[in-house]
Amino acid sequence: MAEYDYDWVIVGSGFGGSVAAMRLAEKGYSVAVLESGRRFQDEDFAVSTWQLNRFLWAPLFGLRGIFRLTAFRDIFIASGAGVGGGSIVYANTLYRAKPSFYANAQWKDLGDWEAELAPHYATAERMLGVNEVPYESPADGLLRDIAVHAGVGETFRRTPVGVFFGEPDVTVPDPYFDGEGPPRTGCIRCGACMVGCRVGAKNTLVKNYLWFAEKAGAEIHPDSQVDDIRPAGAEDGSEGYLVSCSRPGSWLGERRREYRARAVVVAAGALGTNRLLGACKHRGSLARLSDRLGELVRTNSESILAVTLPDDSLKAWNTVAISASIHVDDDTHIEFVTYGERGDAMNSLFTLLTGQGTRLSRPLLLLANLIRHPIRFLKSLWPFGWSRKTLILLVMQTLDNAIAFRTRPRRIGAGTRMVTEQDPEKPNPTYIDAGNRAAAWLAEQCGGIAQSTILEATANIPMTAHILGGAVVGGDRESGVVDAEHRVFGYHNLLICDGSTVPANPGVNPSLTITAMAERAMSHVPAKIRPAVAGESGAAPE
């Protein structure tokens, strides 16, 4: 048997992958983290969203930023790229899941999940530095107004976030881990959390889990996109795995590497994990994967809307990315989002607010809007200054709906492609009335312009920043892809720890839940038993 390069190879460095890297390294294993994106220092992040080479991820075109956009027939997905995964581009918001999440039929019989995850939520909150936004943000009053108008004023609350507030723009020794973590700089309320925090206030995974993973010996390999995982010997993976990767965007597959590992954690995010494992199952590399792979894909039942105010006098950008939220009904959670002063390129994702319809009727509704409101439409096209005066509405629901990912052969050339299908019994919504009514009411009150995302308005394709599921927890391979400890059915030493295992819509930003689930999964991995060394105290017995 050939020697192993590592005990564990982890595919991806987002919330699940970072937890796995730190905890496995702490347990004494040799660990490699393979991340398709590049590594950023704080000063490397984009100054504005127009700086596409640092903001947008499109490696085939030489763009290696942090923001990835992926369009399918049924959903338009925003996700992260880079060492630290989604944490370098997300909105810092760290809620625990709503009670209905734990009671979802997909996994409720496998344990008391609220009790099971509680200690791991607490650990995740400590590691991610969760605290509530400590100040009134400029737009909080408008969000309260929406809540009061809907008769739910009592649901307004400031968000729990992973941000070091401290003294603005002042750098201090690590305030979280008894001085063992990196120095931190106080938040300056620039609102650019999702463009990339150049200040050092955002508690990205690079500043906690990955920091300690590397201190414990884990090695991080950026610019390494995993293309294939296959057993190194026995087909059940009991003799380890071969993990192949290449530089993203390589036209000819140059700079390919292959690592041999005793075990693998797949943590490429719901989008990356479904794409990778779907291709592996299709080509036969991991043929024993459950046929449930790609099922129960959740979008957090989201819709993303916007309202552009008449001017920027409110300074709605002068806060963190998300500073408060409300619940307009039992199922619907709304947050205001900002990209700061320099997020104007995001204007290209929006058009005039368009009502409910089909793929055929919604474009006609949009056209009717353009004809009725030509001046409003022309104003909405002007990007400069848009971010300073625009409030994005992130609408999330806990409803039990889903789509599916399907892996198909490419129409041209070798390889596979991934497509989507609506769940025939519980389809994902393409329009959320409560969100549209909130946006329309706010625009009317302020004299602003309400907007839908452009693909929702023109093609009935909603947008989500929180794609989940597809490799969900289940009781057996007929109901899920992994068991309650995140072990892949049909294989030894193969785990999945990311949003793809989440079995239901949490109805809130899911990053904390993904982290807590990964912490729980890692708690079930035993510490490494080292070979005995003569005369060494504490060496493992033969």
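Preceding this section is the structure that the text describes.
Residues numbered from 1 in each chain as written. Predicted model: local features only at pLDDT ≥ 70, side-chain atom pairs only at ≥ 80, totals over all residues. Heavy atoms only, no water.

A few words now on the pattern of salt bridges. With the rule as written, the count across this model stands at 32 salt bridges. Measuring nitrogen to oxygen at the nearest pair gives 3.1 Å for the salt bridge that ties K207 to D42. A residue pair is termed long-range when its members are at least 10 positions apart, and K207 in the loop between β11 (184–185) and α6 (209–215) and D42 in the loop between β2 (31–34) and α2 (52–55) qualify at 165 residues. Between R359 and D74 there is a salt bridge, and its shortest N-O distance comes to 3.2 Å. A residue pair is termed long-range when its members are at least 10 positions apart, and R359 in the loop between β20 (350–352) and α8 (361–372) and D74 in the loop between β5 (67–71) and β6 (76–80) qualify at 285 residues. Through salt bridges with shared partners, a single ionic network connects E116, D483, E485, R487 and R520. (Salt bridge = Lys/Arg side-chain N within 4 Å of Asp/Glu carboxyl O. Helix = DSSP H or I, 4+ residues; strand = E, 2+ residues; numbered from the N terminus.)

Glancing now at the nonpolar core. The biggest cluster of nonpolar side chains holds 78 residues, and the ones touching the most others in it are L24, V31, I229 and V265. Residues in contact with I229, not counting those within four places in the same chain, are V11, Y241, L242, V243, V264, V266, L276, C280, S285 and L286. Counting residues in each nonpolar core, the second largest holds 40 residues, with A192, M194, A306 and M396 among its members. (Core = buried A, V, L, I, M, F, W, Y, C linked by side-chain atoms within 4.5 Å. Buried < 20%, exposed > 50% of the residue type's maximum accessible area, 1.4 Å probe, protein only. Contact = heavy atoms within 4.5 Å.)

For the rest of this paragraph, the subject is the side chain of E519. By secondary structure assignment, the location of E519 is in helix α12 (residues 511–523). Exposure remark for E519: the relative accessible area of 6% places this residue in the buried category. At 2.9 Å, the side chain of E519 and the side chain of R23 are in polar contact. Those residues in contact with E519 that sit more than four places away from it in its chain are V19, R23, H120, T123, M127 and Y209. (Polar contact = N/O pair within 3.5 Å; in protein donor to acceptor, adjacent residues only side chain to side chain.)

The strand order across the open sheet built from seven strands is β8-β18-β19-β21-β17-β24-β20, with neighbouring strands paired in antiparallel fashion. Strands with a single pairing partner mark the edges of an open sheet, and in this sheet they are β8 (157–158) and β20. With two bridges joining them, β8 and strand β18 (residues 324–327) adopt antiparallel strand pairing. From the neighbouring strand, R157 faces β18, where its bridge partner is S325. The sheet contacts of helix α5 (residues 140–149) involve β18, β19 (332–337) and β21 (390–397), and relative to β18 the element is tilted by about 5°. Lying over the sheet, helix α9 (residues 374–381) contacts β20 and β24 (449–453), oriented at roughly 170° with respect to β20. (Pairing = 2+ DSSP bridges. Axes fitted to C-alpha atoms, helices over the stretch in contact; angles between N-to-C directions.)

Once that is clear, we can look at empty space enclosed by the protein. Gaps between atoms show up when a probe of the same size as a water molecule is rolled over them. The full count for this structure, using the stated rule, is one cavity of 30 Å³ or more. Quantified by volume, the largest cavity comes out at close to 100 Å³. Every residue lining the largest cavity is counted, 15 residues in all, and those nearest its centre are A139, T319, S323, F336 and V337. At the level of elements, α5 and β19 are the ones that each hand at least two residues to the lining of the largest cavity. Here the lining of the largest cavity is built from residues that sort into ten nonpolar, four polar and one charged. (1 Å grid on protein atoms, 1.4 Å probe; cavity = no way out; pocket = protein on both sides within 12 Å on 5 of 7 lines; lining within 4 Å. Points joined across faces, edges and corners; volume = space filled by probe spheres on them. Nonpolar A, V, L, I, M, F, W, Y, C, P; charged D, E, K, R; others polar.)

Here we take up the environment of F164. Within the secondary structure layout, F164 lies in the loop between β9 (160–162) and β10 (171–172). As a C-alpha pair, F164 and N203 span 39 residues in sequence and 6.9 Å in three-dimensional space. Those residues in contact with F164 that sit more than four places away from it in its chain are V172, P175, Y176, R184, T185, G186, C187, A201 and N203.

A separate point is the sheet that holds β6. Each strand in a sheet pairs with its neighbour through backbone hydrogen bonds, running either in the same direction (parallel) or in the opposite one (antiparallel). Taken together, the three strands give an open sheet; going across it, the order is β5-β6-β25, and neighbouring strands pair in mixed fashion. The open sheet terminates on both sides in strands that have one partner only, identified here as β5 and β25 (463–464). Here five bridges tie β5 to β6, and the two strands are oriented antiparallel to one another. Of the residues in β6, the one forming a bridge with T70 is I77.

The next subject is helix α1 (residues 15–26). Over its twelve residues, α1 runs 17 Å from end to end, which matches the ideal 16 Å to within 8%, given 1.5 Å per residue. The element α1 is largely enclosed, with a buried count of eleven among its twelve residues. Taken residue by residue, α1 has F15, G16, G17, S18, V19, A20, A21, M22, R23, L24 and A25 as its buried positions. The inward-facing, buried residues of α1 abut β1 (6–11), β2, α4 (113–128), α6, β15 (257–266) and α12. (Expected span 1.5 Å × (residues − 1).)

The buried fraction of β15 amounts to seven of the ten residues, a majority that puts the element mostly inside the structure. Alignment of β1 against β15, held across five bridges, turns out to be parallel. When the bridges of β15 are listed, V9 appears paired with V264. In this sheet, β15 lies alongside strand β14 (residues 241–246) in antiparallel orientation, the contact comprising five bridges. Among the inter-strand pairings, Y241 is bridged to a residue of β15, identified as A261. Judged from the three bridges that link them, β15 and strand β27 (residues 494–496) form a sheet pairing that is parallel. If you follow V265 over to β27, its bridge partner there is L495.

This part covers the layout of surface pockets. For the second largest pocket, the calculated volume is near 400 Å³. Elements represented by at least two residues in the lining of the second largest pocket include exactly β1, β15 and β27. A breakdown of the residues in the lining of the second largest pocket according to their chemical character gives twelve nonpolar, four polar and five charged.

Quick look at the packing of aromatic side chains now. A complete count under the given rule lists 16 aromatic pairs for this structure. Between W8 and Y29, the ring centres sit 6.1 Å apart and the planes meet at 80°, which makes this aromatic pair edge-to-face. One end of the pair, W8, is in strand β1; the other, Y29, is in the loop between α1 and β2, and 21 residues separate them in sequence. Note on Y29: relative accessible area 16%, which makes it buried. When the centroid spacing of 5.2 Å and the interplanar angle of 5° are considered together, the rings of F40 and F45 count as stacked. Per residue, the accessibility class of F40 equals that of F45, and both read buried. Of the aromatic side chains, those joined through ring pairs into one cluster are F101, Y102, W107 and W113. The lysine or arginine in question, R189, covers the ring of Y135, its NZ or CZ lying 3.7 Å from the ring centre. (Phe/Tyr/Trp six-rings, centres within 6.5 Å; stacked < 30°, edge-to-face > 60°. Lys NZ or Arg CZ within 6 Å of the ring centre and 35° of its normal.)

Taken by themselves, the reported measurements are silent on function.
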